[in-house]
Amino acid sequence: MAAEKAEIDALKKECDGLRTKIEAARKAVNDGSMSAAAGGVASVGRVQLKNRKTLKGHLAKIYSLHWAADSRQMVSASQDGKLLIWDCFTGNKLVAVPLKSAWVMSVAFAPSGNLVASGGLDNMCTVYNIKAASPKTLRELDAHTGYLSCCRFLSDSEILTASGDTTCCLWDLETGKQKTVFTNHIGDCMSLALSPDQNTFISGACDSLAKLWDLREGTCKQTFSGHTSDINAIAFFPNGHAIVTGSDDCSCKMYDLRSDQEVIGYQDSSLNAGVTSLALSNSGRLIFAGYDDFNCHIWDTLKGEKVGVLSGHDNRVSCTGVPEDGMGVCTGSWDSFLKLWN
Amino acid sequence: MTINTLAKGGWNREQMSCFRKMEKVIVSMQDPDMGMKMRNQRLLITVIPHAMTGRDIIDWLIQKYNICDEEALHVGGMLVRYGYIYPLKEPRSLVLRPDESPYRFQTPYFWTSTRWPASELDYAIYLAKKNIRKQGELMEYEKERYSVLNKRINHTWDFVVMQAREQLRASKQRRKADRIVLECQEQAYWLINRPPSGMRNMLDMGLERPNTFSSRVTLNSDYYKNEIENCKRALGRNRVKSSICLEGYVFVKYSEQYLNHDPIMQGCLPSNPWISDDTAHWTMNAEVVPTPTRLRVERWSFSFMELLNDSMGKREFMTYLEKEFSAENLCFWQACEDIRHGESSRIIQKVEEIYKNFLAPGAARWVNIDSKTMDKTLTGIRHPHRFVMDDAQMHIYFLMKKDSYPRYLKSDLYKNLLAKAIVPQESKKSVFPFMRRQRHASPSPAQVVTQATEEDGHAKGAGEAGTNSAAGSHA
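Since the structure is predicted, the reported quantities are computational estimates derived from the model, not experimental observations.

(A) A look at the overall build of chain A. A tally of helices and strands in chain A yields 2 helices and 28 strands. Its C-alpha atoms give chain A a radius of gyration of 20 Å, near enough to 20 Å, the size a compact globule of 342 residues would have. Based on the C-alpha atoms only, the size of chain A along its principal axes is roughly 60 × 50 × 35 Å. For chain A, with 342 residues in total, the buried portion stands at 68%. Within the structure as shown, chain A displays about 10,600 Å² of accessible surface, and the carbon and sulfur contribution to it stands at 49%. Here chain A contributes 33 positive and 38 negative side-chain charges, whose respective centroids are spaced 5 Å apart.

Put into structure tokens, the structure is as follows:
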């Protein structure tokens, strides 16, 4: 036992030593800052968005939402055991998908618009065909040993999932089997996002790390640290060169992929609530971050300043999303309502 | 969405900030000079002092914060839902009614933030007291919980009963009015902290996460050996200087370039459908249109990916390539994309087709790939898989990007399209607000429970007092 412990201690020491060297290497290339780069950029001023619509229909906490590629339909999941697909323009509910397990934590729309997926405490990701006369279960992806925290379609044939069992997984929807399992996190994976070119994806986890993975090789390419608590939300900057994370430590951070480090942080001493979700506007200039303080705060991505707030929910904002055409932002909350703003 | 209250201090931080804001409002409501005017309320034959009506609360909020009626109802409603003000009539309906219904301030002793989390022991004592007072006539859900608690903390049950009796005895010594007040306060506190099923639990913190992650992944020697390998690889990776990454074309330039394509920042023409209820913008930018908009055509010049991501752009580019007799490149790229994102079952067949059409010697649409990549690809084809064409596809992609794409942007084909492209006129917002179509949420297709109608201030109120059992979100 003692020999084993000694071995582990030695390995841990070597590991820590390497991590220190990595930090030094990062520091060595850190010869510029975002504030310097964005110094000449005009401030966006105060961003005041109005609540254009409130979508009512869920009967319990909303945990997740996802826009369809047509920027008009959206799917939302609530712990009342239903997925609702909305036409956000008219406010009508188009389809209601009853769930086998009400403890849903994530939902996704396929780019084709034919399929939606959801999952949660049942440890499974269930894929539904919503173009059928009534929603039909297409696949039940069952191999995770922990809750499903996030899922995203690559196409009608492939889907990525993030799980509380600390792994992310790429599934083949035709066979219903796992194709690649991405293992490296040591805490529950809470969120994932696909790169614009679909060659890589990023994940945020309870080990306070964000990781970049190569979809084809199945390996972790980069690891970003800096947060001091669970990372709940993660997204790519639209040009694919940086990632933005939101954490329970009440801050968001932007990490640049090529210089392999944090380039700017988004925090405010008056903001004392964890970040639950985030989304970027089309130009990447604005970050919409949902917090536990019932608000969604708006940040100027380049200048790191808080430029606005979306208030109106009666409970924490659990999910945020900007559609592909960037018309506005949708927030979903534990108060069971979805609000559209622009 | 962490809940571990004490371990990371997480919860105390999150919910507290909202409570502190509410408490500030409550304190100013009780200010002797500028606060609310209280009066005595009659409840049956007893007079309850220091009460106010729902209407009073709303009026005070309107006046103090200079807000409208609807917002005051909303804020006041939150104060009630979180237990800072409780109703005297119908105590189980935690709703602010804008009428003569009587309300009272909750005493700071029973503020949620003061006594969080509500302890099981206290709840047991409360139920025990109620049980004794009402001689067993507890509500169904209270009876259930009482027996559950009895089993769970049976070892301290004597203490529970003793405390209950003590508190009852002490309260009998009080004046009737005071006793009733205390009972109301205590009841309100427990309605918030132990809501009956069907009533939304405002304090629900959601999923519990494990405290430490060592319970998920064993940090043994294998783990560290693996980590060391990862770190060594990471150490060796190429890092670009921040100054290069951040300046120039990257973030600032990107945001500036896409500013006109960001409706939240710059608005959009002819109008934003969410605001104007006019779908013209979507119609003009549909996948297939006779004439595209100018912004759309301009966007194709931002990057090669932008051109390829737009089906119309891709078609235009294909037309151009056909003129240049290099259309096979785009066809090849498209076919490779099809393999990458398509069904697994058809991979083998698709790879064969690509070989036949594009790679085989003398193929009808032979693509020009360097010999090294060609050899590698041909070897790979013997065992086809989703990514077998990646290298070849990448080669052709860069070929088009470096060569054909820039020339396309300079071509007459592109320039003419740009010149002909539509610049929509900004449509005027409707002058008469009442002409805007009212949109009502349609009932759920799999309709089970009746819903309150939206678009009136009562919606939130009625929805809250939850009559549905599907909510079931309490501890």
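(B) Focus on the overall build of chain B. Within chain B, the secondary structure is distributed over 22 helices and 4 strands. By the burial criterion, 45% of the 475 residues in chain B qualify as buried. At a minimum sequence separation of 6, the contacts of chain B that also span at least 24 residues come to 60%. By element, 54% of the accessible surface of chain B is carried by carbon and sulfur atoms, the whole surface being about 25,900 Å².

(C) Expanded view of the domain arrangement of chain A. Each domain of chain A was delimited in the assignment, giving domain 1 (1–29) and domain 2 (48–341). Using C-alpha coordinates to define each centre, domain 1 of chain A is positioned 33 Å away from domain 2 of chain A.

(D) Seen up close, the UniProt feature "domain: RGS" (unreviewed entry) in chain B. With numbering aligned to this structure, UniProt lists the feature "domain: RGS" (unreviewed entry) at residues 303–418 of chain B. Between the C-alpha atoms that bound residues 303–418 of chain B there is a distance of 16 Å. The span itself is 75% helix and 0% strand.

(E) The arrangement of the nonpolar core in detail. All names here are of chain B. Core analysis: the largest hydrophobic core is formed by 50 residues, its most contacted members being Ile 26, Met 29, Ile 57, Tyr 82 and Ile 85. Every element with two or more residues in this core is listed here: helix 1 (10–29), helix 2 (54–65), helix 3 (69–81), strand 4 (102–105), helix 4 (120–133), helix 5 (140–152), helix 6 (157–172) and helix 7 (176–193). Here this core spans two domains, and each of domain 1 (17–110) and domain 2 (120–193) adds at least three residues to it. Once residues within four sequence positions are removed from consideration, Ile 85 is found in contact with Ile 26, Met 29, Met 52, Ile 57, Leu 79, Val 80, Tyr 103, Arg 104, Phe 105 and Gln 106. Counting 39 residues, the second largest nonpolar core, distinct from the first, contains Phe 317, Cys 336, Ile 354 and Met 389.

(F) Focus on the interface of chain B and chain A. At the junction of the two partners, chain B supplies 99 residues and chain A supplies 124 residues. Summing both partners gives a buried area of about 9,300 Å² for chain B against chain A, and 59% of it is carried by carbon and sulfur. There are 7 salt bridges connecting chain B and chain A. Glu 14 of chain A is the partner of Lys 232 of chain B in a salt bridge, and the nearest nitrogen-oxygen pair spans 3.9 Å.

(G) Inspection of a positive patch on the surface at higher detail. Residues Arg 46 and Lys 306 of chain A together with Lys 21 and Lys 24 of chain B make up a contiguous surface patch of positive charge. Tracing the backbone shows Lys 24 of chain B in helix 1. Given a relative accessible area of 63%, Lys 24 of chain B falls into the exposed group.

(H) Molecular detail of unusual backbone geometry. For the peptide bond that leads from Leu 269 of chain B to Pro 270 of chain B, omega is -5°, which places it in the cis range. If you check the backbone angles, Thr 166 of chain A has positive phi at about 75° while not being a glycine. Along the chain, the position of Thr 166 of chain A falls in the loop between strand 11 (158–163) and strand 12 (167–172). Among the residues examined, Thr 166 of chain A registers a relative accessible area of 4% and is labelled buried. Although it is not a glycine, Ser 336 of chain A adopts a positive phi angle of roughly 80°. Position of Ser 336 of chain A relative to the elements: it lies in the loop between strand 27 (329–333) and strand 28 (338–341).

(I) Quick look at the side chain of Gln 106 of chain B. Residues and elements named next belong to chain B. With respect to the element layout, Gln 106 can be found in the loop between strand 4 and helix 4. Here the side chain of Gln 106 touches Gln 185 through a polar contact of 3.0 Å, landing on its backbone oxygen. When residues no more than four places from it in sequence are discounted, the contact partners of Gln 106 are Gly 83, Tyr 84, Ile 85, Tyr 86, Trp 111, Gln 185, Ala 188 and Tyr 189.

(J) Here's a closer look at the packing of helix 17 (residues 327–341) of chain B against helix 20 (residues 390–410) of chain B. Residues and elements named next belong to chain B. Relative orientation of the contacting elements helix 17 and helix 20 amounts to 140°, with a least axis distance of 9 Å. Viewed along their axes, helix 17 and helix 20 adopt a mutual orientation that is oblique. In this structure, helix 17 meets helix 20 at a crossing whose hand is left-handed. When helix 17 is examined against helix 20, the residues Asn 329, Leu 330, Phe 332, Trp 333, Cys 336, Glu 337 and Arg 340 are found in contact with a partner set consisting of Asp 390, Ala 392, Gln 393, Ile 396, Tyr 397, Leu 399 and Met 400. Its residues placed into classes, the contact of helix 17 with helix 20 shows 9 nonpolar, 2 polar and 3 charged.

(K) Layout of the sheet that holds strand 6 (residues 104–109) of chain A. Residues and elements named next belong to chain A. In spatial order, the strands read 6-7-8-9; together these 4 strands make up an open sheet with antiparallel pairing. The open sheet has two edge strands, strand 6 and strand 9 (136–141), and neither has a second partner. Strand-to-strand, the axes of this sheet are offset by a mean angle of 20°, without reference to chain direction. Here strand 6 pairs with strand 7 (residues 115–120) via 5 bridges, running antiparallel. Following the sheet pairing, Ala 108 is matched in strand 7 by Ala 117.

(L) Layout of the pattern of salt bridges. The final tally for this structure, using the stated rule, is 37 salt bridges over all chains. Salt-bridge contacts for Lys 225 of chain B lead to Glu 7 of chain A; the nearest nitrogen and oxygen are separated by 3.6 Å. Highlighted residues: Lys 225 of chain B in helix 8 (residues 221–236) and Glu 7 of chain A in helix 1 (residues 2–29), drawn from two different chains. Judged by relative accessible area, Lys 225 of chain B falls into the partly exposed class, the value being 41%. Across the pair Lys 143 of chain B and Glu 140 of chain B runs a salt bridge whose closest N-O atoms are separated by 3.8 Å. Of this pair, Lys 143 of chain B and Glu 140 of chain B both sit in helix 5, 3 residues apart, which is roughly one turn of the helix. On the basis of relative accessible area, Glu 140 of chain B is assigned to the exposed category, the value being 55%.

What counts and how
Residues numbered from 1 in each chain as written. Chains lettered and ligands numbered in written order. Predicted model: local features only at pLDDT ≥ 70, side-chain atom pairs only at ≥ 80, totals over all residues. Heavy atoms only, no water. Helix = DSSP H or I, 4+ residues; strand = E, 2+ residues; numbered from the N terminus. Rg over C-alpha atoms; globule rule 2.2 N^0.38 Å. Buried < 20%, exposed > 50% of the residue type's maximum accessible area, 1.4 Å probe, protein only. Areas by Shrake-Rupley, 256 points an atom, 1.4 Å probe, with all protein chains shown as cover. Lys, Arg positive; Asp, Glu negative; His and termini not counted. Charge placed at Lys NZ, Arg CZ, Asp CG, Glu CD. Contact = heavy atoms within 4.5 Å. Domains from an automatic or database assignment. UniProt positions renumbered as here; feature names shortened; annotations may be inferred. Core = buried A, V, L, I, M, F, W, Y, C linked by side-chain atoms within 4.5 Å. Buried area = accessible area lost by both parts, 1.4 Å probe. Salt bridge = Lys/Arg side-chain N within 4 Å of Asp/Glu carboxyl O. Patch = residues over 30% accessible without salt bridge, like charges linked within 9 Å, V, L, I, M, F, W, Y side chains within 5 Å. Polar contact = N/O pair within 3.5 Å; in protein donor to acceptor, adjacent residues only side chain to side chain. Axes fitted to C-alpha atoms, helices over the stretch in contact; angles between N-to-C directions. Parallel < 35°, antiparallel > 145°, perpendicular 65-115°, else oblique. Left-handed = near helix turned anticlockwise from the far one by under 90°. Nonpolar A, V, L, I, M, F, W, Y, C, P; charged D, E, K, R; others polar. Pairing = 2+ DSSP bridges.

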